[in-house]
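Residues per chain, in single letters:
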Amino acid sequence: MALQIGIVGLPNVGKSTLFNALTKTRGAQAANYPFCTIDPNIGIVEVPDERLQALAAIAKPRKVVPAAIEFVDIAGLVKGASTGEGLGNAFLSHIREVDAICHVVRVFAGGDVIHVDGSVDPKRDRDTIETELILADLQSITKRVEKIRKPAQLGDKEKKLELSAAQTMQTLLSAGRTAREAVLLPEEIPVAAQFGLLTMKPMFYAANVAETDLSTLDPDALKTSMGLTPSDQLILISAKIEEDLQDLSPEESAEFLAALGVSSSGLDRLIHAAYAALGYQTYFTAGPDEVRAWTIRKGDTAPRAAGVIHTDFERGFIRAETISYEDFIRYDGEAGARMAGKMRSEGKTYVVQDGDVMLFRFNV
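Residues numbered from 1 in each chain as written. Predicted model: local features only at pLDDT ≥ 70, side-chain atom pairs only at ≥ 80, totals over all residues. Heavy atoms only, no water.

Overview of the overall build of the chain
For clarity, the cut-off: What counts as a helix is a DSSP run of H or I of at least four residues, what counts as a strand is a run of E of at least two, and both are numbered from the N terminus. Burial classification: accessible surface area is computed with a 1.4 Å probe over protein chains only, and a residue below 20% of its type maximum counts as buried, one above 50% as exposed, and the rest as partly exposed. Whether two residues are in contact is decided by their heavy atoms: any pair within 4.5 Å suffices.
Along the chain, the regular secondary structure elements total 14 helices and 12 strands. By residue count, 48% of the 364 residues in the chain fall in the buried class. A fraction of 68% describes how many contacts in the chain between residues 6 or more apart in sequence connect residues 24 or more apart.

Some points on the nonpolar core
Applied cut-off: Remark: nonpolar core denotes a set of buried residues (Ala, Val, Leu, Ile, Met, Phe, Trp, Tyr, Cys) joined through side-chain atoms within 4.5 Å.
In this structure, Ile5, Leu18, Leu22, Ile69, Phe71 and Leu270 are the most contacted members of the largest nonpolar core, which totals 70 residues. Ranked by residue count, the leading element in this core is helix 10 (residues 266-278), at eight residues. Once residues lying within four places of it in the same chain are set aside, the contact partners of Ile69 are Leu3, Ile5, Gly43, Ile44, Val45, Val47, Ile271, Ala274 and Tyr275.

Let's talk about the sheet that holds strand 7 (residues 234-237)
Stated formally: A pair of strands is treated as paired once DSSP finds two or more bridges between them. Lines are fitted to the C-alpha atoms to define the axes, a helix being fitted only along its stretch in contact, and any angle between axes, read from their N-to-C directions, falls within 0 to 180 degrees.
The strand order across the open sheet built from six strands is 2-4-1-5-6-7, with neighbouring strands paired in mixed fashion. Of all strands in the sheet, those with a lone pairing partner are strand 2 (41-46) and strand 7, marking the two edges. This sheet shows a mean twist of 25° between the axes of neighbouring strands, independent of strand direction. In this sheet, strand 4 (residues 68-73) lies alongside strand 2 in antiparallel orientation, the contact comprising six bridges. Each bridged residue has a counterpart across the sheet, and for Glu46 the counterpart in strand 4 is Ala68. The strands touched by helix 1 (residues 15-23) within the sheet are strand 1 (4-8), strand 2, strand 4, strand 5 (100-106), strand 6 (203-208) and strand 7, with strand 2 carrying the most contacts at an inclination of about 40°. Against the sheet, helix 4 (residues 122-153) engages strand 5 and strand 6, with an angle of about 145° to strand 5.

With respect to the confidence of the model for the chain
Note the cut-off: Scored from 0 to 100, pLDDT records how confident the predictor is in each individual residue.
Mean pLDDT for the chain: 86, with 87% of residues reaching 70 or above. When mean pLDDT is compared element by element in the chain, helix 13 (residues 325-330) scores highest at 98, while helix 3 (residues 88-95) scores lowest at 68. This model gives residues 26-38 a pLDDT under 50, and the stretch forms 40 contacts once residues within four places in sequence are excluded.

A short note on the environment of Ala306
Assignment of secondary structure puts Ala306 in helix 11 (residues 302-309). Looking at Ala306, the relative accessible area reads 0%, which means it is buried. Residues Ala306 and Ile296, spaced 10 residues apart in sequence, show a C-alpha to C-alpha distance of 9.7 Å. The contact partners of Ala306, leaving out residues within four places of it in the chain, are Tyr283, Phe313, Glu314, Phe317 and Phe360.

Some points on helix 2 (residues 50-59)
Here is the rule we go by: Taken from the helix axis, the directions to the C-beta atoms give the arc we talk about.
Taken together, the buried positions of helix 2 are occupied by Arg51, Leu52, Leu55 and Ala56. Along the axis of helix 2, the buried residues cluster in a sector spanning 135°; they form a single face. Away from its buried face by more than 90 degrees, helix 2 exposes Glu50, Gln53 and Ala57. Buried residues in helix 2 make contact with strand 3 (63-65), strand 8 (280-286), strand 9 (290-297), helix 13 and strand 12 (357-362).

Re helix 11
Across the eight residues that make up helix 11, a large majority, six, are buried. Along helix 11, the positions that sit buried rather than exposed are Ala302, Pro303, Ala305, Ala306, Gly307 and Val308. Next to the buried residues of helix 11 lie strand 8, strand 9, helix 12 (311-315), strand 10 (317-323) and strand 12.

Here it is as structure tokens:
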């Protein structure tokens, strides 16, 4: 299952530096002037999961395959982007393609690093980005309302439902609120999903802080100052530190972070925040050929999980031999779990749990 996260923000907030750190490359241009990123950079990032190595230690496979996320470093946005200012049109077209948004907000003072608005103000910068997304959505939904109003008034049932959902969105966006906040009727939800609105996409935040603030800044206080809600996801990260860690061994990295008073890399938390934003989870397959992590949505049934491996698995699904991760480890693998009565045969209605180790039975 492809999972693509767009990294967005004002110019010079550290998007490309963060991208380089995430992808362990120097592929994205990171320079001290606006719009140094023009075409989006794309990189594949492994999802860190200690459970994979624990499973591999038991199954002793020929290879281990982690889950992966695609990160896209998108051109910086400025005020007026919704009407084409700066690289606004390119920004908006690129962001429409991603599944979720990582909004990088600059908190570090930065010295000689130019801020496009002349000063550092996380709340103002956040509002700038989200206002432009709201305005772009408002333009889009207003055009749709005008297009479908007449057929809806003439009695077309599908268009009446579409118009109802679109007008709800239009009212919300006109008030300066995001499409994610809309309260829709159950039958309107799949209709609204087809509108392609930018502010319908899940969003989480990466606060790019100075290395000296990484261990002392209070995330909750920063949330409040940025006007975020308690449920919004905010990750504190120093993109420059993360980029510097690329050149160090794991042992050196641990020492470096410890000296800064930080226990772990912020990138791991950022990747997991991306998973959480989309409501994703992981199940595993484990055997002598490979141990592999598979990405599914929370609430997916066993046939849908099987379909991630191959569509034939979903079409011909019979049952799923299932062991919880904890039982697989506790009983030293599949054979031990089976003997202990911990391998379950699950049918088509079974909702897969995070960490399940699964073997699918299916008809060709």
